[in-house]
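So the chains spell out like this:
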Number of protein chains: 2
Amino acid sequence: MASPTVENYLKALFLLSVEKGEVNITELSNLLQVKLPTANSMIKSLHEQGWVSYEKYKPLTLTPKGKKKAALIVRKHRLTEMYLVEKMGFGWEEVHEIAEQVEHIDSTIFFERMDELLGNPNVDPHGSPIPDKNGDMQQKVYDPLGVCLPGDTVKLVALVHSSSEFLKFLNRRELQLGAKLKIESIEDYDKSMVVSYENHSFETFSKDVCDALLVERLG
Amino acid sequence: MASPTVENYLKALFLLSVEKGEVNITELSNLLQVKLPTANSMIKSLHEQGWVSYEKYKPLTLTPKGKKKAALIVRKHRLTEMYLVEKMGFGWEEVHEIAEQVEHIDSTIFFERMDELLGNPNVDPHGSPIPDKNGDMQQKVYDPLGVCLPGDTVKLVALVHSSSEFLKFLNRRELQLGAKLKIESIEDYDKSMVVSYENHSFETFSKDVCDALLVERLG
DNA sequence: ATAATTTGTTAGATTAACTAAACTTATTAT
DNA sequence: ATAATAAGTTTAGTTAATCTAACAAATTAT
Ligand SMILES: [Mn+2]
Ligand SMILES: [Mn+2]
Ligand SMILES: [Mn+2]
Ligand SMILES: [Mn+2]
């Protein structure tokens, strides 16, 4: 059994390679909040154990075995977040911290029961995909709101990142996944957008926010 | 924050001192499945950190601080077991292993939400008391079925131990907490008892089993 | 092409949790 | 009272995970 520490490294490698492709040790050490030599020596050990492909001074990749292992941890994390929101009434900004711990629980039945009770969801409360039992994850490619045009009607389906600050920002504006947004106008100067949804008319979102909101075009 | 290892030591000390009063290091090391010197050096460290009162060659006791800490871990364990049974549909024989891990999760809101959703239970699925938020646990003193007499009618309220083998034994006989038992007769030779309950008439239980079933007298 | 900067590696140390082996103290049996 | 056994302690050593400091390689800027 891999330790929680090892599991966190594998998960970090997986998530970084999903968003970037290549992973270098500096990014990894930043994400995990450890010093570079710590990550370096852990990588050597992960390499020896067959989780990671590694050559000195080259970028890192997970082996197929490592990738599957990591995906199954991500699965546990995201199922947990979904369970916490759907069955225990937590807000989407509260669940990551808890899931960060629950993901290390070693119990097949526990996560299978969660999955059943949730009706086999394929996305988490932030719209991120949940890998299946084989560790296969299909990452859909969505447009950020930022690339849409005035007059477009879109549905909010996922987020680029899910920091609790960002989630609380969205909470304050009552913006949830599934919301239908209409783009009223775009400010040419700073690319901020004025949008309407539900009972919010003419909310203004900065470019930063727009680029973090992933949408599906409607109609 | 105490590590899971330290938490398991504190919990073990707490549970051993509830059932025996005094704790010696050998029992502790047996329960935790570590060698005697391992437990010995951990005890020195727990002593230095103020969790345990300790003098060489003397039995161990938790300090008030250690006792409270331990009780709150037991609280998390037992709330978890209750949640798994009541809200997730697990059998009482399946939950201990999972709770053994979940008890180490560091999240006030998580366990408070569990407690709420369960309606602030004060016993776990095996009838063991759940310490309150201050770490106070009132251990009720029940009679084992073994001390009852023919003709007595009693209610099963708790178990002396909850090994999954014992729980599966009870499952096979459809005997659950809350069941009303009538003692039909006692075999003088081996002190085994013939009891009736629900739609089970004349089940025979060995002395060992009778001593592990805690009951409340009725009528 | 050389220098400066960034990135990655190695060496040496620390702490937590564990072990086996040797030793000491306490308890029990003769 | 002495010997035997059980219980507890110490010593020396391992592995995992971390750190700081020093060094080396690769990349980027001049
Ligand atoms: Mn998360
Ligand atoms: Mn984690
Ligand atoms: Mn239990
Ligand atoms: Mn535990």
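For the structure itself, look to the data block above.
Every value quoted in this text rests on a predicted model; they were computed, and no experiment measured them.

(A) Layout of the coordination of the manganese ion (ligand 3). Residues and elements named next belong to chain B. Coordination of the manganese ion (ligand 3) by the protein is provided by His77 (NE2), Glu81 (OE) and His96 (ND1), with metal-donor distances spanning 2.1 to 2.2 Å. In the primary sequence, the donor residues of the manganese ion (ligand 3) line up as H-x3-E-x14-H. Taken together, the residues glutamate 81 in helix H4 (residues 64–86) and histidine 96 in helix H5 (residues 95–102) connect sequence positions 15 residues apart.

(B) A look at helix H2 (residues 25–32) of chain B. Residue and element names in this part refer to chain B. All of the buried residues along H2 are Ile25, Leu28 and Ser29. Looking straight down H2, one finds its buried side chains confined to an arc of 95°; they lie on one side. Lining the buried residues of H2 we find helix H1 (4–20) and helix H3 (36–48). Looking one or two residues past H2, glutamine 33 carries a phi angle of roughly 60°, positive in sign.

(C) Expanded view of the relation of the copies chain A and chain B. Superposing chain A onto chain B requires a rotation of 180° together with a translation of 0.0 Å along the rotation axis, leaving an RMSD of 0.0 Å. Considering both components of the superposition, the chain copies are consistent with a two-fold axis. Nearest to the rotation axis, the C-alpha of Val102(A) is located 3.6 Å from it, this being the minimum over chain A. The overlap is high: 100% of the interface residues of chain A also sit at the interface in chain B, so the same surface is used on both sides.

(D) Representation of the nonpolar core. Within the largest apolar cluster, 31 residues are counted, with the highest numbers of intra-cluster contacts made by Met88(A), Phe110(A), Met88(B) and Phe110(B). Secondary-structure elements contributing two or more residues to this core are helix H4 (64–86), helix H5 (95–102) and helix H6 (108–118) of chain A together with H4, H5 and helix H6 (108–118) of chain B. The element that contributes the greatest number of residues to this core is H4(B), accounting for five residues.

(E) Main features of the protein's contact with DNA strand D. Around DNA strand D, 21 residues are found, and the nearest of them are Ser3(A), Thr38(A), Thr26(B), Asn40(B) and Tyr54(B). At a separation of 2.5 Å, a phosphate oxygen of DNA strand D approaches a polar side-chain atom of Ser3(A). One of the backbone N or O atoms of Lys35(A) is found 3.0 Å from a phosphate oxygen in DNA strand D. Taken together, the elements giving at least two residues each to the surface near DNA strand D come down to helix H1 (4–20) and helix H3 (36–48) of chain A together with H2 and H3 of chain B. Its residues placed into classes, the surface near DNA strand D shows eleven nonpolar, seven polar and three charged.

(F) Quick look at the sheet that holds strand S8 (residues 213–217) of chain B. Residue and element names in this part refer to chain B. Read from one edge of the open sheet, six strands run S3-S8-S4-S5-S6-S7, paired in antiparallel fashion. What marks the edges here is a single partner per strand, and that holds for strand S3 (143–144) and strand S7 (200–205). As judged from the four bridges shared by strand S6 (residues 193–197) and S7, these two strands associate in the antiparallel manner. Paired with methionine 193 across the bridge in S7 is phenylalanine 205. Lying over the sheet, helix H7 (residues 164–172) contacts strand S4 (153–159), S7 and S8, oriented at roughly 145° with respect to S4.

(G) Broad picture of the pattern of salt bridges. Across all of its chains, the model carries 22 salt bridges over all chains by this definition. Note that Lys11(A) is salt-bridged to Glu103(A), the shortest N-O span being 3.3 Å. Of the two residues, Lys11(A) sits in helix H1 while Glu103(A) sits in the loop between H5 and H6, which places them 92 residues apart along the sequence. For Glu103(A), a relative accessible area of 0% puts it in the buried group. For the salt bridge of Glu100(B) with Lys11(B), the shortest nitrogen-to-oxygen distance reads 2.8 Å. One end of the pair, Glu100(B), is in helix H5; the other, Lys11(B), is in helix H1, and 89 residues separate them in sequence. Three or more residues joined by partner-sharing salt bridges are found here, namely Lys11(A), Glu100(A) and Glu103(A).

The rules we used
- Residues numbered from 1 in each chain as written.
- Chains lettered and ligands numbered in written order.
- Predicted model: local features only at pLDDT ≥ 70, side-chain atom pairs only at ≥ 80, totals over all residues.
- Heavy atoms only, no water.
- Donors = N, O, S within 2.8 Å, 3.2 Å for Na, K, Ca; no water.
- Helix = DSSP H or I, 4+ residues; strand = E, 2+ residues; numbered from the N terminus.
- Buried < 20%, exposed > 50% of the residue type's maximum accessible area, 1.4 Å probe, protein only.
- Arc of directions from axis to C-beta.
- Contact = heavy atoms within 4.5 Å.
- Least-squares fit on C-alpha atoms with pLDDT ≥ 70 in both.
- Core = buried A, V, L, I, M, F, W, Y, C linked by side-chain atoms within 4.5 Å.
- Near = heavy atom within 4 Å.
- Polar contact = N/O pair within 3.5 Å; in protein donor to acceptor, adjacent residues only side chain to side chain.
- Nonpolar A, V, L, I, M, F, W, Y, C, P; charged D, E, K, R; others polar.
- Pairing = 2+ DSSP bridges.
- Axes fitted to C-alpha atoms, helices over the stretch in contact; angles between N-to-C directions.
- Salt bridge = Lys/Arg side-chain N within 4 Å of Asp/Glu carboxyl O.

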